[in-house]
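In case you want the letters, here they are:
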Amino acid sequence: MDQLTGFQRDLLYVIAGKDRPSGQEILDDVNRYIDQPVTHGRLYPNLDTLVEKELVEKGQLDRRTNYYALTPKGRRTLQRRQEWVDQYVDV
């Protein structure tokens, strides 16, 4: 997790909170949170990095639409991160 950017960590949280979201769904959610609009050119290379690191699985919903889901490794990584954050932050 420490090798990921903050943006990539945010993507993991968004993916974890949805049921196999499409790239467009992820983009819409991220854009509701981040002040500067995120472009497709920023989103998809970062999603590909998460897939390459085996934290996220990429599959097809239909011929034009892919979905993204956490892998077991991605879920464990995110859980460890959350446990670490919880040590220091009590909101």
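Per an unreviewed UniProt entry, the protein goes by Transcriptional regulator PadR-like family protein and derives from Natronorubrum sediminis.

1. So, unusual backbone geometry
In this structure, Arg20 takes a positive phi of about 50° despite not being glycine. Here Arg20 shows up in the loop between helix H1 (6–16) and helix H2 (23–33). The residue Glu54 is not glycine, and still its phi comes out positive at about 60°. Tracing the chain through its elements places Glu54 in the loop between helix H3 (40–52) and strand E1 (56–60).

2. Let's talk about the packing of aromatic side chains
Counting across every chain of the model gives one aromatic pair. Positioned over the ring face of Phe7 is Arg42, at 3.9 Å from the centre of the ring.

3. Things to note about the packing of H1 against H2
Two numbers describe how H1 lies on H2: the axes approach to 10 Å, and their chain directions differ by 120°. Relative to H2, the element H1 lies oblique. With respect to the hand of their crossing, H1 and H2 are arranged in right-handed fashion. Of the residues in H2, those in contact with Phe7, Asp10, Leu11, Val14 and Ile15 of H1 are Ile26, Asp29, Val30 and Tyr33.

Each value, and the rule that gives it
- Residues numbered from 1 in each chain as written.
- Predicted model: local features only at pLDDT ≥ 70, side-chain atom pairs only at ≥ 80, totals over all residues.
- Heavy atoms only, no water.
- Helix = DSSP H or I, 4+ residues; strand = E, 2+ residues; numbered from the N terminus.
- Phe/Tyr/Trp six-rings, centres within 6.5 Å; stacked < 30°, edge-to-face > 60°.
- Lys NZ or Arg CZ within 6 Å of the ring centre and 35° of its normal.
- Axes fitted to C-alpha atoms, helices over the stretch in contact; angles between N-to-C directions.
- Parallel < 35°, antiparallel > 145°, perpendicular 65-115°, else oblique.
- Left-handed = near helix turned anticlockwise from the far one by under 90°.
- Contact = heavy atoms within 4.5 Å.

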